[in-house]
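Results of the structural survey
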Amino acid sequence: MMNTAEKQIETINNVINSTKENLKPLSINFIFWGIYVNILSGFHYAFPSLVQSSKYSAAIYWIILSIIGMLFMAYYNVKVRKTVGYETHLSRVIKIIWGVFGVSWIYIITLSFYLKNYHPVPPILFLLSLLTIMTGLIIKFKPVTLGGIFLTLFTFYLNFNPEINLLLVNIVGVSLGMLVPGLSLFYSKSSNNPDG
Amino acid sequence: MDKFLFNPIRLKIMSSLINKSQCDFNYLKKVTESTQGNLSVQLKKLKEEKYIEIEKTFSNNYPKTSCSITENGRIQFEEFFKNLIKMKNS
């Protein structure tokens, strides 16, 4: 009977250990958004007359291209989930957190249409920083947590210096808050296991 | 002790679901190294005992089966594992 118990324990251990917590797709998300927001901000900064050609053109530029980015990444994440064949509790939590960010982003953007002198960049960056910290803490990966902390401090500084160009703020904030931590996660050995 | 989980396929299914929120049928087939028919039978038994939940959907016109562990299943599995450890140490 003891031999059977040992065998059963071994079976349980083998099955549980066969699960790899693959964090590569998460790093791809960070890298994608880091590069994508940089391109959008860079283009807007380089060609302001083109992006701001009419009253709402800049808002439309940011909203439509951001939604395209969201749909693209949602498609990528669904495809990854189908290929792997399972969803861990960790990936579910991260999915919910970033889903909430997507909803909050829509809320802030909508609010900015109705409120005068309400710029959506600072609250979006602040929210982004908090969620990046949460993600870093959940996956136990310090560069992501530090990236989030940097973004939080950066957003705090931004509130006292409203004259700063928000497109440059976007570039610096997203590069150091998402792109660098994303690349760090992508190339880290522990991207297959948060505890590894 | 829960004899129900002594079945190796059922045990592998439960071990697989314990640290995941959801598993697809094909993934469970690979983990349990069982046939489609046998896996279906064992999943049905686990569902009848309220150890797991089965969700059937369609993906690209193909039926897709996903399974997740229930609260009862989690409690039973943990109890089963504790008993195994006790047996091993006795």
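About the criteria used
Residues numbered from 1 in each chain as written. Chains lettered and ligands numbered in written order. Predicted model: local features only at pLDDT ≥ 70, side-chain atom pairs only at ≥ 80, totals over all residues. Helix = DSSP H or I, 4+ residues; strand = E, 2+ residues; numbered from the N terminus. Buried ≥ 20, exposed ≤ 12 C-beta atoms within 10 Å, placed from the backbone. Contact = placed C-beta atoms within 7 Å. Core = buried A, V, L, I, M, F, W, Y, C linked by C-beta atoms within 7 Å. Pairing = 2+ DSSP bridges. Axes fitted to C-alpha atoms, helices over the stretch in contact; angles between N-to-C directions. Nonpolar A, V, L, I, M, F, W, Y, C, P; charged D, E, K, R; others polar. pLDDT = per-residue confidence, 0-100. Parallel < 35°, antiparallel > 145°, perpendicular 65-115°, else oblique. Left-handed = near helix turned anticlockwise from the far one by under 90°.

1. Concerning the overall build of chain A
Along the backbone of chain A there are 8 helices and 1 strand. Each helix and strand of chain A, ordered N terminal to C terminal, gives the series α-α-α-α-β-α-α-α-α. Each principal axis of the C-alpha atoms in chain A carries an extent, and together these give about 80 × 30 × 30 Å. By residue count, 21% of the 196 residues in chain A fall in the buried class. Of the contacts made within chain A by residues no fewer than 6 positions apart, 71% connect residues no fewer than 24 positions apart.

2. As for helix H1 (residues 8-18) of chain B
Within H1 of chain B, 8 of the 11 residues are buried, which leaves it mostly tucked inside the rest of the structure. Those residues of H1 of chain B lying buried are Ile-9, Leu-11, Lys-12, Ile-13, Met-14, Ser-15, Ser-16 and Leu-17 of chain B.

3. Section: the nonpolar core
In this structure, Ile-13, Met-14, Leu-17, Leu-28, Leu-43, Ile-52 and Cys-67 of chain B are the most contacted members of the largest nonpolar core, which totals 20 residues. Those elements that provide at least two residues to this core are helix H1 (2-17) of chain A together with H1, helix H2 (25-32), helix H3 (36-48) and strand S3 (62-69) of chain B. Sorting elements by how many residues they give to this core places H1 of chain B first, with 5 residues. Sequence-distant contacts of Leu-28 of chain B, that is, excluding residues within four places in its chain, are made with Ile-13, Ser-16, Cys-23, Leu-39 and Cys-67 of chain B. One finds Trp-33, Ile-94, Ile-139 and Ile-171 of chain A within the second-largest nonpolar core, a separate group that totals 15 residues.

4. Notes on the sheet that holds S3 of chain B
Ordered in space as S1(A)-S1(B)-S3(B)-S2(B), the 4 strands form an open sheet in which the pairing is antiparallel. The two strands at the open ends of the sheet, each matched to only one other strand, are strand S1 (86-88) of chain A together with strand S2 (52-59) of chain B. In this sheet, adjacent strand axes meet at a mean angle of 20° when their direction is disregarded. Where S1 of chain A and strand S1 (residues 20-24) of chain B come together, 3 bridges link them in antiparallel fashion. Within S1 of chain B, the residue paired with Tyr-86 of chain A across the bridge is Cys-23 of chain B. In this fold H2 of chain B packs onto S1 of chain A together with S1 and S3 of chain B, with an angle of close to 90° to the strand it touches most, S1 of chain B.

5. Things to note about the interface of chain A and chain B
Contact residues are listed per partner, giving 18 residues for chain A and 19 residues for chain B. Among the elements that make up the side of chain A that touches chain B, the one with the highest residue count is H1 of chain A (9 residues). Looking at the side of chain A that touches chain B, its residues break down into 8 nonpolar, 7 polar and 3 charged.

6. Description of the pairing of S1 of chain B
Looking at chain direction, S1 of chain B and S3 of chain B are connected through 2 bridges and run antiparallel. Along S3 of chain B, the bridge assignment pairs Cys-23 of chain B with Cys-67 of chain B.

7. Brief notes about the confidence of the model for chain B
Residue and element names in this part refer to chain B. For chain B, mean pLDDT is 91; residues scoring 70 or higher make up 99% of the total. Here S2 stands out as the least confident element of chain B, with mean pLDDT 90; H3 is the most confident, with 95. Across the whole predicted complex the pTM is 0.80, and at the interface the ipTM reaches 0.84.

8. A word on unusual backbone geometry
Residue and element names in this part refer to chain B. With a phi close to 55°, Glu-33 is a non-glycine residue in the positive phi region. You can call Glu-33 exposed: it has 10 C-beta atoms within 10 Å. Although it is not a glycine, Lys-50 adopts a positive phi angle of roughly 65°. Relative to the helices and strands, Lys-50 resides in the loop between H3 and S2.

9. Considering the packing of H1 of chain B against H3 of chain B
All names here are of chain B. Two elements in contact, H1 and H3, have axes separated by 10 Å at closest approach and are oriented at 70°. Comparing their axes, H3 and H1 come out roughly perpendicular. Classified by chirality, the crossing of H3 by H1 is right-handed. Where H1 abuts H3, its residues Ile-9, Arg-10 and Ile-13 lie against Asn-38, Leu-39, Gln-42, Leu-43, Lys-45 and Leu-46. For the contact of H1 with H3, the residue count by class is 5 nonpolar, 2 polar and 2 charged.

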